Amino acid sequence: MPTRAVVRGHAATGNGTATTPRPLDPSDGAASFIAKVVSSTPASAGTPVTLVADTFNIRGGLEEVYPEVMRPKAAQPDGTICVRLLTALADDAVFSGTIWVREL
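About the criteria used
Residues numbered from 1 in each chain as written. Predicted model: local features only at pLDDT ≥ 70, side-chain atom pairs only at ≥ 80, totals over all residues. Heavy atoms only, no water. Phe/Tyr/Trp six-rings, centres within 6.5 Å; stacked < 30°, edge-to-face > 60°. Helix = DSSP H or I, 4+ residues; strand = E, 2+ residues; numbered from the N terminus. Buried < 20%, exposed > 50% of the residue type's maximum accessible area, 1.4 Å probe, protein only. Patch = residues over 30% accessible without salt bridge, like charges linked within 9 Å, V, L, I, M, F, W, Y side chains within 5 Å. Areas by Shrake-Rupley, 256 points an atom, 1.4 Å probe, with all protein chains shown as cover. Salt bridge = Lys/Arg side-chain N within 4 Å of Asp/Glu carboxyl O. Pairing = 2+ DSSP bridges. Axes fitted to C-alpha atoms, helices over the stretch in contact; angles between N-to-C directions.

## Digging into the packing of aromatic side chains
Reasoning step 1: Inspection of the entire model under this criterion finds one aromatic pair.
Reasoning step 2: For the ring pair Phe56 and Phe95, a centre distance of 6.4 Å and an interplane angle of 70° mean the geometry is edge-to-face. One end of the pair, Phe56, is in the loop between strand S4 (44-55) and strand S5 (80-85); the other, Phe95, is in the segment after S5, with 39 residues separating them in the sequence.
Reasoning step 3: Looking at Phe56, the relative accessible area reads 10%, which means it is buried.

Structure (structure tokens):
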């Protein structure tokens, strides 16, 4: 089973493609953060802290909703949060998903 992790604390991002976060409420303003997807070079520098590490069944998918007190949080200067696949897969795989972000 693949292993994935949620990591906070990098000072530099990887080489992913920038994507535009969209608000759920059309009257909300634009996001004040940069979102990147599909990075083949991981984020680096800084002091990374693993907040969540777990495995999942690739055929069954992964659906998680954290209770409010357990949600990963970030603030400047450790504001980078990465969701990483830690396991090298033996075969090709296609992943898709949504990550909900709340700005305070």
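## Regarding a nonpolar patch on the surface
Reasoning step 1: Together, Phe33, Val83, Ile99 and Val101 make up an exposed nonpolar region whose accessible area comes to about 380 Å².
Reasoning step 2: Checked against the element boundaries, Phe33 lands in the loop between strand S2 (17-19) and strand S3 (35-37).

## Structural notes on the sheet that holds S4
Reasoning step 1: With respect to topology, three strands assemble into an open sheet ordered S4-S1-S5, the strand pairing being antiparallel. Edge positions in the sheet fall to S4 and S5, since each of these pairs with one other strand and no more. Taking each pair of neighbouring strands and ignoring which way they run, the sheet shows an average axis angle of 25°.
Reasoning step 2: Across eight bridges, strand S1 (residues 3-12) lies against S4 in antiparallel orientation.

## Re unusual backbone geometry
Reasoning step 1: Residues other than glycine seldom take positive phi values, yet Val38 does so here, at roughly 55°.
Reasoning step 2: Positionally, Val38 belongs in the loop between S3 and S4.
Reasoning step 3: Overall, Val38 belongs to the exposed group, its relative accessible area being 76%.

## Side note on the pattern of salt bridges
Reasoning step 1: On inspection of all chains with the given rule, the structure shows two salt bridges.
Reasoning step 2: We note a salt bridge from Arg4 to Glu64, for which the minimum N-O separation is 2.6 Å. With Arg4 in strand S1 and Glu64 in the loop between S4 and S5, this residue pair connects regions lying 60 residues apart in the sequence.
Reasoning step 3: On the basis of relative accessibility, which here comes to 6%, the residue Arg4 falls in the buried class.
Reasoning step 4: The partner of Arg102 in a salt bridge is Glu68, and the shortest N-O contact between them spans 3.3 Å. Of the two residues, Arg102 is situated in the segment after S5 and Glu68 in the loop between S4 and S5; the sequence distance between them amounts to 34 residues.

Read these as spatial facts, not as claims about activity.
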